[in-house]
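Structural description and commentary
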Amino acid sequence: MAMRIAAILAIALASTSFAQGTAPAPSSGVRYNRLLIRNAMVIDGAGNPARGPMDIVVEGSTIRSVRPARPINEFGTPSRSATGAASAETYDRVIDATGMYVTPGIIDMHGHIHFSRNGISWPKDYEYKLWLGHGITTVREPGSGEGMDTTVAHAKLSSANRIAAPTIIPYVVVESENPDSARAQVRRVKAGGGAGLKLFINRPDVWAAISDEARKLDLPIATDLKIQEVDAIRASQLGIRSLEHWYGIPDAAIPGPQRFPDYYSYDKESDRFRWAGDLWRQADSARLSAVLDTMLAHNVTWDPTLAVYEANRDLDRARTLPWFREYAMPQLMAFYEPNPERHGSYHFDWTTADEIMWRENMRLWEKWLREYAARGGNVTIGSDAGFIYHLYGFATIREMELHQEAGFHPIEIIQQATSNGAKALGLSNTGIVRPGFMADLAIIDGNPLHNMKVFYGTGVDVERDGKVEHRGGVRYTIKQGILFDAQRLLADVRRMVEEAKRSTPQTKAAP
Ligand SMILES: [Zn+2]
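The model shown is predicted, which means the values in this text are computed figures rather than measured ones.

Glancing now at the overall build of the protein chain. Along the protein chain, the regular secondary structure elements total 17 helices and 20 strands. In the protein chain, which comprises 511 residues, the share counted as buried stands at 58%. The long-range fraction of contacts in the protein chain, counting pairs at least 24 apart against all pairs at least 6 apart in sequence, stands at 74%. Counting every atom, the protein chain has about 20,800 Å² of accessible surface; 50% of that belongs to carbon and sulfur.

Below, the structure written as structure tokens:
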């Protein structure tokens, strides 16, 4: 009881610190004692074939049973089964999922929390609702500009169902370049409730100190290597849990330094992002193979975030995605526009030749990603949305589509998006539709094995009886047994965007 009061006090205190910007609205999610999802096809997330139709019973936050569907009467009571056994089971809520698919909730391994762009804030649940609206039930936060205290506080509010948000796993950036103060930073992360560290320090000596401290405190390390002295081999040896993006992998396989043009400056984003597009081509195949083996030997998860680089190979497509109109905040669209002052907004003088180079770069990257998985490496789904024309929620699904482009089977992609993520995060009780597991689930209006696009909030057009019908989208998202109407969350987002367009002063007029 004392514990409970302490927890409630902590939450109350945390809520008072959200003075800036619009606080998230109270959660609309409901946790039932007994919830039945009836007649659904099930993709379990463990890599098994689809099964069903099945009935899934959720009790509180836990999946109680997953069993072949039986007829059920209007009161939510199963009638006599084919074998003649009577049943008196009742439910607080029944969802008829006939024609729908159930997967585990998606784990986005790279979801930054942003409450504003271009200095203009937006409602704090804008991003959360886009995530939940796309079936995303867990987000690994790889370092937020909003600060550790905020992400940790929101993680607590989310698990108490005070706000509508996925489960948040807050990782915190450590950037001190002095071994002693870096160690102190690691200890502060642990004391402050951080679940892991994010590193991109280019100093092997400091990194070694951080790794040592992190090991003692049981904090996993994610790294975004940029292009530098510490490459994928060194980082693997220094004990990372996951490698974000891809930097450092081809770099470790290039004989000598990267062959950048003479005018190149690492500190100029337009140089850095453009010429990263030549690195996979520069890498030597035999060496690359050895780099992957080193990562594998150290159990490194590769979280590639392919899709956040996609604008580099096809800028005009990326700038004109159909979901921007209703779902993208105007200040976010303004933030994406070319401007050397902002991170990820380097697409000025972006040429046909750059796009061609990047198409080849991504082809080779995808090939080695597939190779890593084929050798037993853990591959996950992460979006890095909020940068480079990449919109929260939609971006995660796009990442899944690009894994399909890389040659992965949709069953394997759903596994990457669910149980592989759980494995990388050390969460042993989620990511699989299985009795005893946490009820983290997505109920989708369509078959993602047929078309991954059915996950998109904007849905898909299908043909039925000679007519085109609009379907798809996630219908319900269940996070730790809490049921959310995903379509309602997306409608909230559309209203937020409409409101922002009416009232927010814009830094730049729409074209
Ligand atoms: Zn990131």
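What follows is about the nonpolar core. A general trend in soluble globular proteins is that nonpolar side chains are found buried together. The biggest cluster of nonpolar side chains holds 117 residues, and the ones touching the most others in it are Tyr126, Trp246, Ile249, Trp302, Leu391 and Met400. If one sorts the elements of this core by residue count, helix α13 (residues 352-374) sits on top with eight residues. With residues near it in sequence (within four places) discarded, Met400 still touches Ile106, Ile381, Ile413, Ile414, Ala417, Met452 and Phe455. Ranked by size, the runner-up nonpolar core spans 22 residues in total, among them Leu35, Ile37, Phe437 and Ala439.

Taken in spatial order, the seven strands of this open sheet run β7-β10-β11-β12-β13-β14-β15, and their pairing is parallel. Sheet topology places β7 (106-108) and β15 (301-303) at the edges, where each strand pairs with a single neighbour. Strand-to-strand, the axes of this sheet are offset by a mean angle of 25°, without reference to chain direction.

Once that is clear, we can look at the packing of helix α9 (residues 285-297) against α13. When two helices pack together, their arrangement is given by the angle between the helix axes and the distance between those axes. Contact geometry for α9 and α13: axes closest at 10 Å, N-to-C directions at 45°. With respect to α13, the element α9 is oriented oblique. The interaxial crossing formed by α9 with α13 has right-handed handedness. Between α9 and α13, the contacting residues are Ser285, Leu288, Ser289, Leu292, Met295 and Leu296 on the first element and Trp368, Glu371 and Tyr372 on the second.

Donor atoms from the polypeptide that coordinate the zinc ion comprise His110 (NE2), His112 (NE2) and Asp384 (OD), at 2.1 to 2.6 Å from the metal. Counting along the primary sequence, the residues that act as donors to the zinc ion give the motif H-x1-H-x271-D. Of this pair, His112 sits in the loop between β7 and β8 (116-117) while Asp384 sits in the loop between α13 and α14 (394-405), and the two are 272 residues apart along the sequence. Taking the relative accessible area as the measure of exposure, Asp384 reaches 10% and is therefore buried.

With an omega of 5°, the peptide bond between Gly52 and Pro53 qualifies as cis. Tracing the backbone shows Pro53 in strand β3 (residues 51-59). The residue Asn118 is not glycine, and still its phi comes out positive at about 55°. Note that Asn118 resides in the loop between β8 and β9 (120-121).

A residue-level look at the protein chain finds 90% of positions with pLDDT of 70 or above and a mean pLDDT of 91. Long-range and interchain partners of residues 1-20, a stretch whose pLDDT sits below 50, account for twelve contacts in this model, where long-range means more than four residues apart. In the model, residues 81-86 has pLDDT below 50 throughout and makes three contacts with residues more than four positions away in sequence or in other chains.

Below, the discussion takes up helix α3 (residues 148-159). Taking 1.5 Å per residue, twelve residues should reach 16 Å; α3 reaches 17 Å between its end C-alpha atoms and fits that length. All buried positions along α3 are accounted for by Thr150, Thr151, Val152, Ala153, His154, Ala155, Leu157 and Ser158.

This paragraph deals with α14. Here α14 contains twelve residues, and its C-alpha end-to-end distance of 17 Å stays within 8% of the 16 Å for a straight helix at 1.5 Å per residue. Across the twelve residues that make up α14, a large majority, ten, are buried. Here α14 has its buried residues at Phe394, Ala395, Thr396, Ile397, Arg398, Glu399, Met400, Glu401, Leu402 and His403. Backbone geometry just after α14 places Gly407 at a positive phi near 110°.

As for its position among the elements, Arg398 is in helix α14. Excluding its chain neighbours within four sequence positions, the residues that come into contact with Arg398 are Ala307, Glu310, Arg313, Arg317, Lys453 and Tyr456.

This next bit is on the packing of helix α7 (residues 269-276) against α13. The interhelical angle for the contact between α7 and α13, taken along N-to-C directions, is 50°, at an axis separation of 9 Å. Accordingly, the angle class assigned to the pair α7 and α13 is oblique. Only Asp354, Met357, Trp358 and Asn361 of α13 make contact with α7, whose side of the interface consists of Phe273, Arg274, Trp275 and Ala276. Class assignment for the residues of the contact of α7 with α13 results in five nonpolar, one polar and two charged.

Turning next to the packing of aromatic side chains. Evaluation of the coordinates by the stated rule reveals 25 aromatic pairs. Each ring, one from Tyr126 and one from Tyr392, has its centre 6.1 Å from the other, and the planes form 85°; the classification is edge-to-face. One end of the pair, Tyr126, is in helix α2 (residues 126-132); the other, Tyr392, is in the loop between α13 and α14, and 266 residues separate them in sequence. Considered together, Tyr126 and Tyr392 belong to a single accessibility category, that of buried residues. Here the basic side chain of Arg117 rests over the ring of Phe387, its NZ or CZ set 4.9 Å away from the ring centre.

Let us look at empty space enclosed by the protein. This model, assessed by the stated rule, comprises one cavity of 30 Å³ or more. Looking at the largest cavity, its volume works out to about 100 Å³. Around the largest cavity, the lining is made up of 14 residues, and of these Glu310, Leu321, Tyr389, His390 and Arg398 lie nearest the centre. Only α10 (315-319) and α14 provide two or more residues apiece to the lining of the largest cavity. The greatest single-element share of the lining of the largest cavity, amounting to three residues, is contributed by α14. Residue composition of the lining of the largest cavity, by class: ten nonpolar, one polar and three charged.

Cut-offs applied
Chains are numbered independently. Their residues run from 1 in the order of the written sequence. Thresholds applied to this predicted model are a pLDDT of at least 70 for local features of residues and 80 or more for the giving and counting of side-chain atom pairs; totals over whole chains, interfaces and linings are not thresholded and use all residues. Here the side-chain values reflect all heavy atoms present in the structure, with hydrogen atoms and water set aside. Under the scheme used here, helices are H or I runs from DSSP no shorter than 4 residues and strands are E runs no shorter than 2 residues, and both carry numbers assigned from the N terminus. Partly exposed describes any residue whose relative accessible area lies between the buried limit of under 20% and the exposed limit of over 50%, with all areas from a 1.4 Å probe on protein chains only and scaled to the type maximum. Pairs of residues are marked as contacts when any of their non-hydrogen atoms sit within 4.5 Å. Per-residue and other accessible areas follow the Shrake-Rupley method at a 1.4 Å probe size, with only the shown protein chains counted as cover for residues. Nonpolar cores were defined as sets of buried Ala, Val, Leu, Ile, Met, Phe, Trp, Tyr and Cys residues, with membership established by side-chain atoms within 4.5 Å. In this description, strands pair whenever DSSP reports at least two bridges between them. Axis geometry follows a simple rule: fit a line to the C-alpha atoms, using only the stretch in contact for helices, then measure angles between N-to-C directions, giving values from 0 to 180 degrees. For this classification, under 35 degrees means roughly parallel, over 145 means roughly antiparallel, 65 to 115 means roughly perpendicular, and everything else is oblique. Helix crossings fall into two classes, left-handed where the near helix is turned counterclockwise from the far one by less than a right angle and right-handed where it is turned clockwise. Each metal site is built from N, O and S donor atoms within 2.8 Å (3.2 Å for Na, K and Ca), and since water is not included, such sites may look incomplete. Scored from 0 to 100, pLDDT records how confident the predictor is in each individual residue. By this rule, a helix spans an expected 1.5 Å times one less than how many residues it contains. Just so you know the grouping, Ala, Val, Leu, Ile, Met, Phe, Trp, Tyr, Cys and Pro go in nonpolar, Asp, Glu, Lys and Arg go in charged, and all remaining residues, Gly too, go in polar. Only Phe, Tyr and Trp rings are paired, with Trp represented by its six-membered ring, and only when their centres lie within 6.5 Å; those with planes under 30 degrees apart are stacked, over 60 edge-to-face, the remainder tilted. Placement of a charge over a ring requires the Lys NZ or Arg CZ to be within 6 Å of the ring centre, with the centre-to-atom vector within 35 degrees of the ring normal. In the cavity and pocket records, a cavity denotes points on a 1 Å grid over the protein atoms alone where a 1.4 Å probe fits but cannot get out, a pocket denotes an open set with protein on both sides within 12 Å along at least 5 of 7 lines, and lining residues are residues with an atom within 4 Å of a point. Grid points are joined across faces, edges and corners, and a volume is the space filled by probe spheres set on the points.

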